[in-house]
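Now for the letters of each chain:
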Amino acid sequence: PAVKGLSFISMHMGDAGASTLAAALGRGALPRLKSLQLTYTGIGDAGLVALAPALRRWPALEALDLSGNPFGDEGLAALVAPPPPAGALSPPKGGLTKLKVLDLGRTQITDAGCATLVAALDSGALPALEYLALDSIHASAAAKAAVQEALTKSKAAASS
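Residues numbered from 1 in each chain as written. Predicted model: local features only at pLDDT ≥ 70, side-chain atom pairs only at ≥ 80, totals over all residues. Heavy atoms only, no water.

Caption draft 1: Main features of the pairing of strand E2 (residues 35–39). Bridge count between strand E1 (residues 5–9) and E2: 5 bridges; the pairing is parallel. The residue of E2 that forms the bridge with Ile9 is Thr39. Between the parallel elements E1 and E2, the chain passes through helix H1 (residues 14–26) in a crossover that is right-handed. Summarising the sheet, E2 and strand E3 (residues 63–65) pair through 3 bridges and their orientation is parallel. If you follow Leu36 over to E3, its bridge partner there is Leu64. (Pairing = 2+ DSSP bridges. Helix = DSSP H or I, 4+ residues; strand = E, 2+ residues; numbered from the N terminus. Right-handed = clockwise from strand over helix to strand, strands pointing away.)

Spelled out as structure tokens, the structure:
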């Protein structure tokens, strides 16, 4: 229960491993986790879709490194902008409210994923985010610039 940081680097976890980690987090494992690094672990969209709800419920999470994984826009959308439940009038509670660092570099994110990030930042879904890495993704320079502009606005709003 005292673990605050967990790193898996270049260790194949895949979608099955991500689902297993999600189940463990859902049972209350690692309650003080502040930093999670899942770099080059083979997590695709299905794995991130399975893991995202658990991560969104993690109140202390401040740093998340998902770089080098083959997920794309679908996995990203599950992480930062889950669809509201049917008939819901407001977005679900929880979220990545303390997340300061998010590394999505070297993934399969495209312009559509960047638009999802812009919407999440503009809506205040990532209020503490200070650093967002998007290096070597499949998005255009304009889409990445739009995300960085939204991040700058979000940081300015948080500091005022």
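Caption draft 2: Structural detail: the side chain of Thr39. Mapped onto the elements of the fold, Thr39 is located in strand E2. Assessed through its relative accessible area of 7%, Thr39 is described here as buried. Separated by 3.4 Å, the side chains of Thr39 and Gln37 make a polar contact. Among all residues touching Thr39, those that are not within four sequence positions of it are Phe8, Ile9, Ser10, Asp65, Ser67 and Asn69. (Buried < 20%, exposed > 50% of the residue type's maximum accessible area, 1.4 Å probe, protein only. Polar contact = N/O pair within 3.5 Å; in protein donor to acceptor, adjacent residues only side chain to side chain. Contact = heavy atoms within 4.5 Å.)

Caption draft 3: Main features of the environment of Leu96. Tracing the backbone shows Leu96 in the loop between helix H3 (73–80) and strand E4 (101–103). With a relative accessible area of 2%, Leu96 lands in the buried category. A sequence separation of 33 residues divides Leu96 from Leu129, and the C-alpha atoms of the two residues are 8.8 Å apart.

Caption draft 4: View of the pattern of salt bridges. Evaluation of the coordinates by the stated rule reveals 2 salt bridges. When the shortest N-O distance is used, the salt bridge between Arg106 and Asp135 registers 2.5 Å. Highlighted residues: Arg106 in the loop between E4 and helix H4 (111–123) and Asp135 in the loop between strand E5 (131–133) and helix H5 (141–159), separated in sequence by 29 residues. The partner of Lys153 in a salt bridge is Glu149, and the shortest N-O contact between them spans 3.5 Å. (Salt bridge = Lys/Arg side-chain N within 4 Å of Asp/Glu carboxyl O.)

Everything listed here is a matter of geometry and, on its own, says nothing about what the molecule does.
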